[in-house]
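Examining the three-dimensional arrangement
One-letter residues, chain by chain:
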Amino acid sequence: RLACGDVYGKFDVLFNRVRTIQKKSGQFDLLLCVGSFFGSSPESQALWNEYKSGAKQAPIQTYVLGANNQDTVKYFQDVDGCELTTNITYLGRRGVFTGASGLQIAYLSGIDSSSDPAPAYCFTTKDITSLKMSLLSNTKFKGVDILLTSPWPKDVWNYGNPPTDVNLKTCGSEQVASLTASLKPRYHFSALQGQNYERLPYRNHVVLQESAQHVSRFIALASVGNPGKKKYIYAFTIVPMSLMDATELVKQPLDASENPYRKAGKEGKKSHLATGTEDEPAQQFFFDLKQSQGKRQSDGRGSQQGQAKQPRKHPQPTGPCWFCLASPEVEKHLVVSIGEHVCCCGARHYTMYINIIHLYSALSIHTP
């Protein structure tokens, strides 16, 4: 598959580049265009008329998103999507497109609305909710293969490699971030910033607390034919999630980072954008080894016999947590594999893990 950023009416530049790629690497199934496909200049209008009339033709089945400004609304007559010309299709305002191979592509056209009622080139909270519910209502939903949006998701760079030449305070949409957190796309493509940015892959689960899930990759592409020669077209291979073995699907690359949409620390009050609920502190018990074995001090969630109920208080760690792979002090190269109930690690960590497991076993409670 191929994906590209803002075209801005430079159809010949884009499709000539696609022909060159296909001549060198073979045929691709489709081209996905995010950002602004049409331009506003008279030249781009005249060039489009050549494609519209059939004088010129796209060399690949091309799917585009809708308008991002008032000048280009006229090109998109049907909000539910339609064929614009041979081999060029407008996906629609929002929805899910499933290819013959089973590849699932979710899409959202337009930009954030700053007024009510929203202009035709903007999406609304209703659009976000509708797209979420069309997928999340399925109890077996695990995520989509690809998500296409024109705006970047807000804070996508959290816990990862921040982009350069982008104003992090103003860049991105919170509504797109909320959508992304819910849909868990394996690939998410955006544009509009004129920059090429590939974020490190990020997890969709909490290590050692949730079952492993697939990782997500966010890729922003520059505009077609930009003078800085920034990357505007991206070639990738993807097997539909529905056809993949579960073990293969959840494999974690070595450079996988934390989920950028999951709030942490002091921001925990805002919590996860996907649900809008506050994260519950984990239930933990801490033991005073100087006291007789079997007596335990709770973290305030309950009281022991003969003790008055204490208010809940989250204890502070006294040293680095070797179970927390996000800690900079953890020697990750010694960790071989992590499962739901077992952790396999190198010699330096081995004795520590065994001692902890023996302690938990002696106290007859579940090991973490």
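Note that the structure is a prediction, hence the values are computed from the model and not measured.

Let's talk about the pairing of strand β6 (residues 94–98)
Across 5 bridges, β6 lies against strand β7 (residues 104–108) in antiparallel orientation. By the bridge assignment, Val 96 is partnered in β7 with Ala 106. In textbook terms, the turn of a hairpin is the stretch between consecutive antiparallel strands, and for β6 and β7 this stretch comprises 5 residues, one of which, Gly 102, has a positive phi near 100°.

With respect to the packing of aromatic side chains
In this description, a pair of aromatic rings is defined by centroid distance and the angle of the planes. Scanning the model with the defined rule gives 21 aromatic pairs in all. By way of ring pairs, the aromatic residues Phe 11, Phe 15, Phe 37, Phe 38, Trp 48, Tyr 51, Tyr 75, Phe 76 and Tyr 90 are connected into one cluster.

A look at the pattern of salt bridges
Taken as a whole and judged by the stated rule, the model has 10 salt bridges. Taking the shortest distance from any N to any O, the salt bridge between Asp 29 and Arg 1 comes out at 3.6 Å. One end of the pair, Asp 29, is in the loop between α1 (11–25) and β2 (31–33); the other, Arg 1, is in the segment before β1 (2–4), with 28 residues separating them in the sequence. Taking the relative accessible area as the measure of exposure, Arg 1 reaches 16% and is therefore buried. In this structure, Asp 12 engages Lys 56 in a salt bridge whose closest nitrogen and oxygen atoms are separated by 2.7 Å. Of this pair, Asp 12 sits in helix α1 while Lys 56 sits in the loop between α2 (42–53) and β3 (62–64); the two residues are 44 residues apart in sequence, bridging distant segments of the chain. Among the residues examined, Asp 12 registers a relative accessible area of 23% and is labelled partly exposed. Connected through shared salt-bridge partners, Asp 12, Glu 50 and Lys 56 make up one network.

So, the sheet that holds strand β12 (residues 197–198)
The 6 strands lie next to each other as β6-β7-β10-β11-β13-β12, forming an open sheet whose pairing is mixed. The sheet is open, and its two edges are formed by β6 and β12, each paired on a single side. Along the sheet, helix α3 (residues 125–136) makes contact with β6 and β7, crossing β6 at roughly 30°.

Considerations on the nonpolar core
Core analysis: the largest hydrophobic core is formed by 32 residues, its most contacted members being Phe 11, Leu 14, Leu 31, Phe 37 and Trp 48. Those elements that place two or more of their residues in this core are β1, α1, β2, α2 and β5 (88–90). Among the elements that line this core, the one with the most residues is α1, at 5 residues. Counting 20 residues, the second largest nonpolar core, distinct from the first, contains Leu 32, Val 34, Leu 65 and Tyr 234.

Quick look at the sheet that holds strand β4 (residues 82–85)
As summarised here, the arrangement of the 6 strands in space is β4-β5-β3-β2-β1-β14, forming an open sheet in which the pairing is mixed. Every other strand in the sheet has two partners, leaving β4 and β14 (233–235) as the edge strands with one partner each. For this sheet the average axis-to-axis angle between neighbouring strands, irrespective of direction, equals 25°. Pairing of β2 with β3 involves 3 bridges; the strand directions are parallel. Each bridged residue has a counterpart across the sheet, and for Cys 33 the counterpart in β3 is Val 64.

Quick look at the pairing of β7
Within β7, 4 of the 5 residues are buried, which leaves it mostly tucked inside the rest of the structure. Note: β7 against strand β10 (residues 146–149), 4 bridges, orientation parallel. Within β10, the position partnered with Ile 105 by the bridge is Ile 146.

Focus on α3
The end-to-end C-alpha separation of α3 is 16 Å, in line with the 16 Å expected for 12 residues at 1.5 Å each. Within α3, burial applies to Asp 127, Ile 128, Leu 131, Lys 132 and Leu 135. Viewed along the axis of α3, the buried residues span an arc of 130°, placing them on a single side of the element. Away from its buried face, by an angle of more than 90 degrees, α3 presents the exposed residues Thr 125 and Lys 126. Looking at the buried positions of α3, the neighbouring elements they touch are β6, β7, β9 (122–123) and α4 (174–183).

Some points on unusual backbone geometry
Look at Asp 155: it is not a glycine, yet its phi comes out positive at around 65°. Residue position: Asp 155 is located in the loop between β10 and α4. You will see that Lys 229, though not glycine, has its phi angle at about 55°, which is positive. Within the fold, Lys 229 resides in the loop between β13 (217–220) and β14.

Some details on the environment of Asn 226
Take Asn 226: it is sitting in the loop between β13 and β14. Linking Asn 226 and Gly 194, residues 32 residues apart in sequence, is a C-alpha distance of 8.2 Å. A polar side-chain atom of Asn 226 sits 2.8 Å from the main-chain carbonyl oxygen of Ser 223.

Details of the environment of Pro 163
Mapping Pro 163 onto the fold places it in the loop between β10 and α4. Here Pro 163 falls in the buried class, since its relative accessible area comes to 10%. Each C-alpha atom of the pair Pro 163 and Tyr 197 lies 6.1 Å from the other, and the pair is 34 residues apart in sequence. The residues touching Pro 163, leaving out its near neighbours within four places in the chain, are Trp 152, Trp 157, Leu 168 and Tyr 197.

Some points on the confidence of the model for the protein chain
Overall, the predicted model of the protein chain reaches an average pLDDT of 82, with 72% of residues at or above 70. This model gives residues 264–306 a pLDDT under 50, and the stretch forms 58 contacts once residues within four places in sequence are excluded. Under a pLDDT of 50 for its full length, residues 349–368 has, in the predicted model, 24 contacts with residues more than four places off or in other chains.

Cut-offs and rules
- Residues numbered from 1 in each chain as written.
- Predicted model: local features only at pLDDT ≥ 70, side-chain atom pairs only at ≥ 80, totals over all residues.
- Heavy atoms only, no water.
- Pairing = 2+ DSSP bridges.
- Helix = DSSP H or I, 4+ residues; strand = E, 2+ residues; numbered from the N terminus.
- Phe/Tyr/Trp six-rings, centres within 6.5 Å; stacked < 30°, edge-to-face > 60°.
- Salt bridge = Lys/Arg side-chain N within 4 Å of Asp/Glu carboxyl O.
- Buried < 20%, exposed > 50% of the residue type's maximum accessible area, 1.4 Å probe, protein only.
- Contact = heavy atoms within 4.5 Å.
- Axes fitted to C-alpha atoms, helices over the stretch in contact; angles between N-to-C directions.
- Core = buried A, V, L, I, M, F, W, Y, C linked by side-chain atoms within 4.5 Å.
- Expected span 1.5 Å × (residues − 1).
- Arc of directions from axis to C-beta.
- Polar contact = N/O pair within 3.5 Å; in protein donor to acceptor, adjacent residues only side chain to side chain.
- pLDDT = per-residue confidence, 0-100.

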